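In case you want the letters, here they are:
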Amino acid sequence: MTGTGARKRDTYRHGNLRNALIQAGLELVRDGGPDAVVLREVTRRVGVVPNAAYRHFADRNALLRAIRQAALAQLAAAMETELAALPPADDPVESARARIRALATSYLRFAQAESGLFRAAFSTTDMADTENESADGPGGLTAFQLLGAALDDLVESGALPPGRRPGAEYFVWSAVHGLAVLLIDGPLRGLLPVQAQEAGQRLMDSIERGI
């Protein structure tokens, strides 16, 4: 009992309780999706009494929103990593198109490799979450903002007419997100990895023709 009490007080002393609760929630959603977030279990993993969570979150929904934003931040980080791995390209059009493809590829890969985080990231998420700084990747942009920046690059390179730029992010996002959901929760979840990759490539071909 003495050791447990010391651990709880130590959590408060360092002022990391809010972040610790979010990290514990991320562990839960990684394995079980958003439905796995239960306040009692989250606080148990951190080593505090359940009521301690209310110092930072009004209720479970508030905690789940913070977890969603943290999951979105991990998605943005994965997308940044994919962009950073792109080889240099002399042709600005090819470079801009490669950025869009890289973002779509990393989005699909994240959905399949981290399906619990992906489901949590988009569970009752609203647009405010997709642009909240808590959802930023290491580079300071959210996944949605990374897509917008890549589309702006397409316009600047001359590959996308300026008149077709407004709203293009919604078209691209909905197409890629739809395939991601089909791959992890829908009838395409039984595809072999090579088949899923081919589906992603064909989707990107269609997106390039459509924007």
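For the structure, check the block above.
Residues numbered from 1 in each chain as written. Predicted model: local features only at pLDDT ≥ 70, side-chain atom pairs only at ≥ 80, totals over all residues. Heavy atoms only, no water.

A. Spatial organisation of the overall build of the protein. When helices and strands are tallied, the protein shows 10 helices and 0 strands. Listing every helix and strand of the protein by position from the N terminus yields α-α-α-α-α-α-α-α-α-α. With respect to the three principal axes, the spread of C-alpha positions in the protein is 65 × 35 × 30 Å. The burial tally for the protein puts 40% of its 211 residues in the buried class. In the protein, of all internal contacts separated by at least 6 residues, the share reaching a separation of at least 24 is 72%. Of the roughly 11100 Å² that the protein leaves accessible, carbon and sulfur atoms contribute 51%. (Helix = DSSP H or I, 4+ residues; strand = E, 2+ residues; numbered from the N terminus. Buried < 20%, exposed > 50% of the residue type's maximum accessible area, 1.4 Å probe, protein only. Contact = heavy atoms within 4.5 Å. Areas by Shrake-Rupley, 256 points an atom, 1.4 Å probe, with all protein chains shown as cover.)

B. Up close: helix α8 (residues 143–157). If you check α8, its first and last C-alpha atoms are 21 Å apart, about what 15 residues at 1.5 Å a residue would give, namely 21 Å. All buried positions along α8 are accounted for by A143, F144, L146, L147, G148, A150, L151, L154 and S157. Of the surrounding elements, those touching the buried residues of α8 are α4 (60–84), α5 (92–113), α7 (127–130) and α9 (168–185). Positioned one or two residues after α8, G158 has a phi angle of 95°, which is positive. (Expected span 1.5 Å × (residues − 1).)

C. Geometry of the packing of aromatic side chains. Evaluated as defined, the whole model comprises 6 aromatic pairs. Between Y107 and F122, the ring centres sit 6.1 Å apart and the planes meet at 45°, which makes this aromatic pair tilted. Within this pair, whereas Y107 is found in helix α5, its partner F122 is found in the loop between α6 (115–121) and α7, the two being separated by 15 residues in sequence. With relative accessibility at 6%, the residue Y107 sits in the buried group. (Phe/Tyr/Trp six-rings, centres within 6.5 Å; stacked < 30°, edge-to-face > 60°.)

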